[in-house]
Amino acid sequence: MAGRILRHGPTIGIVTPAETCGDPTADCRVSAQARSVPVAVAAIYGDDQLTYAALDEAAGRFAAALRARGIGLGERVGLSVDPEFDRCIALLGTLRAGA
């Protein structure tokens, strides 16, 4: 199976099946994008942009903070965040923590 060409503004990346880690979850897909095209834009809010690398790294920190507080597989997490990048980071980090 050939890779797909992804266009993100001025950045073009090719994601091959090996880079998708075989898991269709949002967490896996963002991580694959961060490895493949780290400077590509993952989210836009107003005039601000968040790259895949920045989203992946921030979600990892959020997940680590949840795990440090005992949050893990099957736990429920309530989120109250502004509709900016924090929402994307919190949702992805929560998934990454297994909650």
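Residues numbered from 1 in each chain as written. Predicted model: local features only at pLDDT ≥ 70, side-chain atom pairs only at ≥ 80, totals over all residues. Heavy atoms only, no water.

Chemist: So what's going on with helix α3 (residues 85-97)? Which residues, and what values?
Modeler: Owing to its 3.6 residues per turn, the α-helix brings residues three or four apart onto one side. Taking 1.5 Å of rise per residue, 13 residues should cover 18 Å, and α3 covers 18 Å from first to last C-alpha, within 8% of that figure. All of the buried residues in α3 are F85, I89, A90, L92, G93, T94, R96 and A97. Against α1 (26-36), β3 (41-45), β4 (48-51) and α2 (52-68) lie the buried residues of α3. Remark: G98 follows α3 within two positions and exhibits a positive phi of approximately 95 degrees. (Helix = DSSP H or I, 4+ residues; strand = E, 2+ residues; numbered from the N terminus. Expected span 1.5 Å × (residues − 1). Buried < 20%, exposed > 50% of the residue type's maximum accessible area, 1.4 Å probe, protein only. Contact = heavy atoms within 4.5 Å.)

Chemist: Would you mind going over a nonpolar patch on the surface in detail, with residue names and values included?
Modeler: A surface patch of nonpolar side chains, about 220 Å² in accessible area, is lined by L79, V81 and L91. Note on placement: V81 falls in the loop between α2 and α3. (Patch = residues over 30% accessible without salt bridge, like charges linked within 9 Å, V, L, I, M, F, W, Y side chains within 5 Å. Areas by Shrake-Rupley, 256 points an atom, 1.4 Å probe, with all protein chains shown as cover. Salt bridge = Lys/Arg side-chain N within 4 Å of Asp/Glu carboxyl O.)

Chemist: I'd like a description of the packing of α2 against α3, backed by residues and values.
Modeler: It is the contact of α2 with α3, at a shortest axis distance of 7 Å, that shows an interaxial angle of 55 degrees. Of the possible angle classes, the one that applies to α2 and α3 is oblique. As α2 runs across α3, the sense of the crossing is right-handed. Between α2 and α3, the contacting residues are L55, D56, A58, A59, G60, F62, A63, L66 and R67 on the first element and C88, I89, A90, L92, G93, T94, R96 and A97 on the second. Partitioning the contact of α2 with α3 into residue classes produces eleven nonpolar, three polar and three charged. (Axes fitted to C-alpha atoms, helices over the stretch in contact; angles between N-to-C directions. Parallel < 35°, antiparallel > 145°, perpendicular 65-115°, else oblique. Left-handed = near helix turned anticlockwise from the far one by under 90°. Nonpolar A, V, L, I, M, F, W, Y, C, P; charged D, E, K, R; others polar.)

Chemist: Give a description of the nonpolar core that names residues and reports values.
Modeler: Of all hydrophobic cores here, the largest spans 13 residues; its most connected members are V30, L50, Y52, L55, F85, I89 and L92. Sorting the residues of this core by element identifies α1, α2 and α3 as the ones contributing at least two each. A total of four residues in this core trace back to one element, the largest contributor, which is α2. (Core = buried A, V, L, I, M, F, W, Y, C linked by side-chain atoms within 4.5 Å.)

Chemist: Before we move on, can you summarise the pairing of β3 with the specific residues and values?
Modeler: In the case of a regular strand, side chains alternate between the two sheet surfaces. Looking at chain direction, β3 and β4 are connected through four bridges and run antiparallel. Across the sheet, residue V41 finds its bridge partner in β4, namely T51. Here β3 hands over to β4 after two residues, with G46 in that stretch at a positive phi of 65 degrees. (Pairing = 2+ DSSP bridges.)

Chemist: Kindly report on the pattern of salt bridges, identifying the contributing residues and their values.
Modeler: Considering all chains together, one arrives at two salt bridges under this definition. Between D56 and R96 there is a salt bridge whose closest N-O contact spans 2.6 Å. Placement of D56 in helix α2 and of R96 in helix α3 is noted, with a sequence separation of 40 residues between them.

Chemist: Outline the confidence of the model for the protein chain, listing residues and values.
Modeler: Of all residues in the protein chain, 76% attain a pLDDT of 70 or more, and the chain-wide mean is 78. Within the protein chain, the element-level pLDDT minimum falls on strand β1 (residues 4-8), averaging 45, and the maximum on α2, averaging 92. Contacts for the low-pLDDT stretch residues 1-19, under 50 throughout, to residues beyond four places or in other chains number 35 contacts. (pLDDT = per-residue confidence, 0-100.)

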